[in-house]
Amino acid sequence: MRQTIQNLGRLNTVILITAISAFTSVLITFLAFYLRQNSGITSIALFLATLIPLTVTPLVSWHLIGLLMNIDKLEKEMRLLASLDPLTDVLNRRAFFQDAAQHIHRAEQERRVVSVIALDLDRFKVVNDRYGHSAGDLVLRHFAATIKANCRTTDLIGRLGGEEFALLLPNTSAAAAYALAQRLYLTLRQSVIRHEHSKIGYTVSVGVISLVPREADTIETLLNKADRSLYLAKETGRNCTVVFDG
Ligand SMILES: Nc1nc2c(ncn2[C@@H]2O[C@H](COP(=O)(O)OP(=O)(O)OP(=O)(O)O)[C@@H](O)[C@H]2O)c(=O)[nH]1
């Protein structure tokens, strides 16, 4: 029964039950009219017996439909909340991997280029140690907002954990991904984060991989390659971007 309701959709189930109730009520009334010679039922009683269910059923159903629409809305909000990182409001790790896998599959089928970018704040531990954890949180929020401001709405932004972020950019070449990283550097250079009496600045290291995905490419393998480039960026002195070249 539960499965049938799920397949049909809750709204359609209510509409179907309403229609069946109304139809049954009319049918019973017609039957009663047909048999009433011997039963002594008056026309007014029959009329009321038809009218009451025909009026009450749609009203109850209308109320139920309102409730169901509210439940649907709440469910959508809950799903959205469950996919977001509470501190930065970008996708959490699980949601990022899930959505990115779909994008990569689509890019593989349509033979389109995608870029995957790994980003990691530089010496973030020092920010926490020097200014405190709440200042660190402020920096993380500022960084997520900076990425958002520089990305398209179709790009995926995820916080994979701590000070590690990742992006998936559909239809984006290595040159365009590199240009995005440069825009981030420019914004960060011009940003000052005020926390209590301090002004905090920070930098980020970036690893990029761009390709038209093949069957063997998954978000895990691509992120792994982007991470290798990121590692090189850290080795090279941080605050720079390395593009993976196989
Ligand atoms: N404020 C804050 N700090 C966090 C959060 N998650 C992780 N961290 C801190 O992030 C820091 C990460 O430090 P490391 O992994 O040593 O990296 P790093 O200092 O950025 O050094 P490099 O990556 O080598 O440049 C640690 O101090 C963590 O406590 C968070 O949600 N809020």
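Sequence order as written defines residue numbering, which begins from 1 separately in each chain. Only residues with pLDDT of at least 70 are given local features in this predicted model, and only at 80 or more are side-chain atom pairs given and counted; all residues enter the totals for whole chains, interfaces and linings. Remark: hydrogens and water are excluded; side-chain values derive from all non-hydrogen atoms of the structure.

- The chain carries the name diguanylate cyclase in an unreviewed UniProt entry, which gives Shewanella schlegeliana as its organism.
- Under the UniProt heading Catalytic activity (unreviewed entry), the entry covering the chain gives this text: "2 GTP = 3',3'-c-di-GMP + 2 diphosphate". UniProt positions are given in the numbering used here, feature names are shortened, and annotations may be inferred rather than shown by experiment.

Section: the overall build of the chain
At step 1: Tallying secondary structure elements over the chain gives eight helices and seven strands in all.
At step 2: Overall, the C-alpha framework of the chain stretches about 100 × 50 × 25 Å when taken along its three principal axes.
At step 3: By the burial criterion, 37% of the 246 residues in the chain qualify as buried.
At step 4: What makes two residues a contact is simply this: any of their non-hydrogen atoms within 4.5 Å. Contacts in the chain between residues at least 24 apart in sequence constitute 71% of all its contacts with a sequence separation of at least 6.
At step 5: Accessibility throughout is a Shrake-Rupley quantity obtained with a 1.4 Å probe, and a residue counts as covered only by protein chains that appear here. For the chain, the exposed area adds up to about 15100 Å²; of that, 60% sits on carbon and sulfur atoms.
At step 6: Here the chain contributes 27 positive and 22 negative side-chain charges, whose respective centroids are spaced 4 Å apart. Only DSSP runs of H or I with at least four residues qualify as helices, and only runs of E with at least two residues qualify as strands; both kinds are numbered from the N terminus onward. Burial status follows relative accessibility: with a 1.4 Å probe on protein chains alone, a residue under 20% of its type maximum counts as buried, one over 50% as exposed, and anything between as partly exposed. This count recognises Lys and Arg as positive and Asp and Glu as negative, with His and chain-terminal groups excluded. Working definition for charges: the position is that of NZ of Lys, CZ of Arg, CG of Asp or CD of Glu.

Comments concerning the pattern of salt bridges
At step 1: A side-chain nitrogen of Lys or Arg and a carboxyl oxygen of Asp or Glu constitute a salt bridge if their distance falls within 4 Å. Scanning the entire structure with this criterion turns up seven salt bridges.
At step 2: Linked through salt bridges whose partners overlap, the residues forming this network are Asp120, Asp122 and Lys234.

Quick look at the sheet that holds strand S1 (residues 114-121)
Each strand in a sheet pairs with another by means of backbone hydrogen bonds, the pair being arranged parallel or else antiparallel.
At step 1: Reading across the sheet, the five strands line up as S2-S3-S1-S6-S7 and stay open at both edges, with mixed pairing between neighbours. Among the strands making up the open sheet, the edge pair consists of strand S2 (156-161) and strand S7 (241-243). Each neighbouring strand pair of the sheet contributes to a mean axis angle of 20°, computed without reference to strand direction.
At step 2: Here three bridges tie strand S6 (residues 204-211) to S7, and the two strands are oriented parallel to one another. Of the residues in S7, the one forming a bridge with Val208 is Val243.
At step 3: Across the sheet, helix H4 (residues 93-110) is in contact with S1, S2 and strand S3 (164-170); its angle to S2 comes to roughly 135°.
At step 4: Axes here mean lines fitted to C-alpha atoms, for a helix over just the part in contact, with angles spanning 0 to 180 degrees between N-to-C directions. Sheet contacts for helix H8 (residues 219-235): S1, S2, S3, S6 and S7; angle to S6, the most-contacted strand, approximately 140°. We call two strands paired when DSSP finds no fewer than two bridges between them.

Remarks on the layout of surface pockets
At step 1: Two kinds of site are reported from a 1 Å grid over the protein atoms alone, namely cavities, where a 1.4 Å probe fits but cannot get out, and pockets, open sets with protein on both sides within 12 Å along at least five of seven lines, and residues are called lining when an atom falls within 4 Å of a point. Grid points are joined across faces, edges and corners, and a volume is the space filled by probe spheres set on the points. What the largest pocket holds in volume is close to 190 Å³.
At step 2: Lining the largest pocket are twelve residues, and of these Arg10, Thr13, Val14, Ile17 and Leu64 lie nearest its centre.
At step 3: Of all the secondary structure elements, the ones that give two or more residues to the lining of the largest pocket are helix H2 (10-39) and helix H3 (43-83).
At step 4: Residue type decides the class: Asp, Glu, Lys and Arg count as charged, Ala, Val, Leu, Ile, Met, Phe, Trp, Tyr, Cys and Pro as nonpolar, and the leftover types, Gly among them, as polar. Taken together, the residues of the lining of the largest pocket break down into six nonpolar, five polar and one charged.

Digging into the nonpolar core
At step 1: By convention a nonpolar core is built from buried Ala, Val, Leu, Ile, Met, Phe, Trp, Tyr and Cys residues, the set being connected through side-chain atoms within 4.5 Å. One finds Ile117, Leu119, Phe143 and Leu167 to be the most contacted residues of the largest nonpolar core, which totals 29 residues.
At step 2: Beyond its immediate chain neighbours, meaning those up to four positions away, Leu119 contacts Phe143, Glu163, Glu164, Phe165, Ala166, Leu167, Leu184, Val204, Ser205, Val206 and Leu230.
At step 3: In terms of nonpolar packing, the next biggest core, distinct from the first, is built from 20 residues, Leu84, Leu168, Ile219 and Leu222 among them.

Section: the side chain of Ser83
At step 1: Among the structural elements, Ser83 can be located in helix H3.
At step 2: What makes Ser83 buried here is its relative accessible area of 14%.
At step 3: Among all residues touching Ser83, those that are not within four sequence positions of it are Val90, Leu91, Asn92, Arg94 and Ala95.

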